[in-house]
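Next come the chains, spelled out residue by residue.
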Amino acid sequence: MPFQPVILATDALIYLLLALVLGFVWYARQHPHLISPWRRVGRSRTAMGALVVIAFYVVIGLLDTLHFRLATGQTEDGKVRYSTEVHSVFDLLATPLRESSEKTYSAPFATHLFTKENIQLPDGRQVREYPRLKYGGAHLDNPHRDRAGDIFRLATLGVLGGAAVFGCLMLIAFRFRAAGLSSWWTDPARGPSRTAAIVLLIMLVLTGMSISLSGGYHILGTDKVGEDVFYQALKSIRTGLVIGTLTTLVMLPAAVLLGIMAGYFRGWVDDVIQYLYTTLSSVPGVLLIAAAVLMMQIYMNNNQDDFNSLTERADTRLLFLCLILGVTSWTGLCRLLRGEALKLRQLEYVQAAQAFGVSHFTVLLRHVLPNVMHIVLIVVVLDFSGLVLAEAVLSYINIGVDPNTNSWGNMINSARLELAREPVVWWSLFAAFIFMFALVLAANLFADVVRDAFDPRLRERT
Amino acid sequence: MMAYIIRRTLYAIPILIGVNLLTFMLFFVVNSPEDMARMHLGNKRVTDEAIQQWKVERGYEKPLVYNVAADGMGKLTDTIFFEKSVKLFAFDFGQSDSGRNIGHDISQRMWPSLAIAIPVMLVGLAVNISFSLMLAFFRGTYLDFWGVVLCVAMMSISGLFYIIGGQVLLGKLLNLAPISGYDTGVNAWKFLILPVLIGVVSSIGSGSRWYRTLFLEEINKDFVRTARAKGLSENWVLFRHVLRNALIPILTGVVVVLPSLFMGSLLLESFFGVPGLGSYTIDAIQRQDFAIVRAMVFLGAVLYILGLLLTDISYTIADPRVRLD
């Protein structure tokens, strides 16, 4: 085989999450009462627009999750030797971006480096000049004259490409019937799908533009070691998504189990569980995370042999961060579920089940758990954006993801020190800002609609 | 009332013991003092004597919970657990890993923290209440809609960007306020403008939206309808009836964070170079000073529990319908 698939710990959990989501979709299709709140979400224009944006992030994140190692050659006994470097499918697609490293900073769409260097002229003289970039605008003969026109040309190509893809999709969606298209455009009930289509068009045009432009330029500049900032921002998507989703995934079993047990059994079980979460939530979250991450650093320093590669090490740290964020954030959900279970245990159907002699375990599983799942879902969706933002702050304090991992927090952290420069190196911050803002805004808007669709009363409690 | 407060205070003791055990486990059992010494002294070429000396200097050479060598009470007291953890209950924080007295540092550094945290809280409260009251007054109009959109957009911006943006815009480009630093006494006000302003602005998004839902909830209640039916003006209804009742959850939400104001804001202080407890904690985390982090974890937990207690009490004061039993 020319490559060997690699499944990192977070990859495995992402696949698990994906399987859970698909399993839920399959299950919900047979149970109309499970779909009906989602239909309400589907009727919201905001939610559908936000969903398209989130889908773009998720696709990039998933492509970046399919890891593999390339074959580099063969050993004497005929076995294939694999590279030690782990790449993802996304890396493969973005190879030009990944490999077009400059020497140091360069501004977006620049053709020259950000700092002056000694350049040897053909006649032997030395001058201090801004040298040309190796990749950015290297195809131009006279950058000062041709650059604006070239950028315009590439941008137009990108826009046309994006629009063409959109057109094809629409043609397929309407099976080449113009009548369907015109009635869709005027039907007031199809508003949400129109919004989704418009957002899709915008996203496709933006994607097309960035693909076409980044063929010739560094559209968001390069960072201190000359790496393309646009590539970094795209790679950071996976980190953000992992933190936002896996954290809730790893905390869910404990929070759900303890929460409904406390509310259902009451008595000493309730006391113990309440004590547990009050204790945990009274420790300031940041400090608990800091303490745990410090401890993990010590552990990793002392057990360096356990990790085969830098990627694996960074991945372990990412997973651990999810775990520890989960430990600090499950208490809120646990408290909500306890309150809900306290109410549920008084209801007739639970009392009836108890009177029939159904075991506690079955009552919890069949009668309590399904009736608190909407709260779980709402909290998962609501927590997402907060966690993405938290990652940036934690990385800033150096207790976030591994410094080698691409993440928006690390981008901000390294760019922060360059703000004192004249002129300001702003593009790393700008890139991190735009990518985070779009994701978090979409997630916030989507979460609001989901909450209102599933349980409008919960607004006052979360 | 008194009996309730006493019972709640007593209830806090097992929680504090739990916090203490947790930090002890985290800092001494999961990772032995030997690991910490290796971390501090560099990983590879370090002699056993150096490690031993590092541990003795900080009192980490003792047994964890039970000292077989000592006699009498010393079996329990001459241990790391007693020396480092139990003393926290008397707020005796001991020395940091770099040899400074933590208790003294904390008492010095809490004032700059408060100088930022209190104005941020008060101004933020005023701004958020006025803004959300305005949105509630214009509910259902375009102003309300775009106000909420603005709130959601502001919520979606990381706090880091507010700080960096404020520093670059107001500090660097417009030169309105010093970018960072601190001064003693009254002269500090210059350095407080920017952090306070940014602290307030970054809280508008989530704060205003949350208060708006509180107001809207009250607006739909029966007593408000009655007040309108009596012919009272919308202003009167809003300020006399809605605001007063919505203030109960707002104020109790503030009370819970009151004690924690001492801890300062991690981000604001470290970005603006304010020598408060927040930057103290961040410095400690970055220098990997375990003694300070441990002390701050304990202090934070105490203040949080105090906040919960105050919240319960303030409920009874603000809302006579709540009975404590």
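Residues numbered from 1 in each chain as written. Chains lettered and ligands numbered in written order. Predicted model: local features only at pLDDT ≥ 70, side-chain atom pairs only at ≥ 80, totals over all residues.

> Now, about the overall build of chain A: what can you tell me, with residues and values included?
Along chain A, the regular secondary structure elements total 16 helices and 6 strands. Structurally, chain A occupies a C-alpha span of about 100 × 70 × 55 Å along its principal axes. Taking all 462 residues of chain A together, 40% fall into the buried category. When contacts within chain A are restricted to residue pairs at least 6 apart in sequence, those whose partners lie at least 24 apart make up 71%. (Helix = DSSP H or I, 4+ residues; strand = E, 2+ residues; numbered from the N terminus. Buried ≥ 20, exposed ≤ 12 C-beta atoms within 10 Å, placed from the backbone. Contact = placed C-beta atoms within 7 Å.)

> Before we move on, could you go through helix H6 (residues 143-173) of chain A and cite the residues and values that matter?
Owing to its 3.6 residues per turn, the α-helix aligns residues three or four sequence positions apart on the same side. For H6(A), with 31 residues, the first-to-last C-alpha span of 43 Å sits near the 45 Å given by 1.5 Å per residue. Of the residues one or two after H6(A), Arg175(A) is the one with positive phi, at around 50°. (Expected span 1.5 Å × (residues − 1).)

> Break down the nonpolar core for me, with residues and values.
Ile289(A), Ala290(A), Ala291(A), Ala432(A), Phe446(A) and Val293(B) are the most contacted members of the largest nonpolar core, which totals 171 residues. Those residues in contact with Ile289(A), other than ones at most four positions away along the chain, are Ile324(A), Leu325(A), Thr328(A), Leu394(A) and Ile399(A). (Core = buried A, V, L, I, M, F, W, Y, C linked by C-beta atoms within 7 Å.)

> Tell me about the confidence of the model for chain B, and name the residues and values.
All names here are of chain B. In the predicted model, chain B carries a mean pLDDT of 81, and 91% of its residues have values of at least 70. Averaged over each element, pLDDT in chain B is lowest for helix H4 (residues 74-77) (65) and highest for helix H7 (residues 142-155) (90). Both scores are available for the predicted complex, with the pTM at 0.88 and the ipTM at 0.84. (pLDDT = per-residue confidence, 0-100.)

> Tell me about the interface of chain B and chain A, and name the residues and values.
Contacts between chain B and chain A engage 43 residues on the former and 40 residues on the latter. For the side of chain B that touches chain A, the secondary structure elements donating two or more residues are helix H1 (2-29), helix H2 (33-41), H7, helix H8 (159-173), helix H9 (189-219), helix H12 (266-272), helix H13 (277-287) and helix H14 (290-318) of chain B. Looking at which element gives the most residues to the side of chain B that touches chain A, the answer is H1(B), with 8 residues. Its residues placed into classes, the side of chain B that touches chain A shows 28 nonpolar, 12 polar and 3 charged. (Nonpolar A, V, L, I, M, F, W, Y, C, P; charged D, E, K, R; others polar.)

> Would you mind going over the environment of Phe361(A) in detail, with residue names and values included?
Residue and element names in this part refer to chain A. Residue placement: Phe 361 occurs in helix H14 (residues 360-396). For Phe 361, a count of 8 C-beta atoms within 10 Å translates into the label exposed. For Phe 361 and Leu 62, which are 299 residues apart along the polypeptide, the C-alpha to C-alpha distance reads 37 Å.

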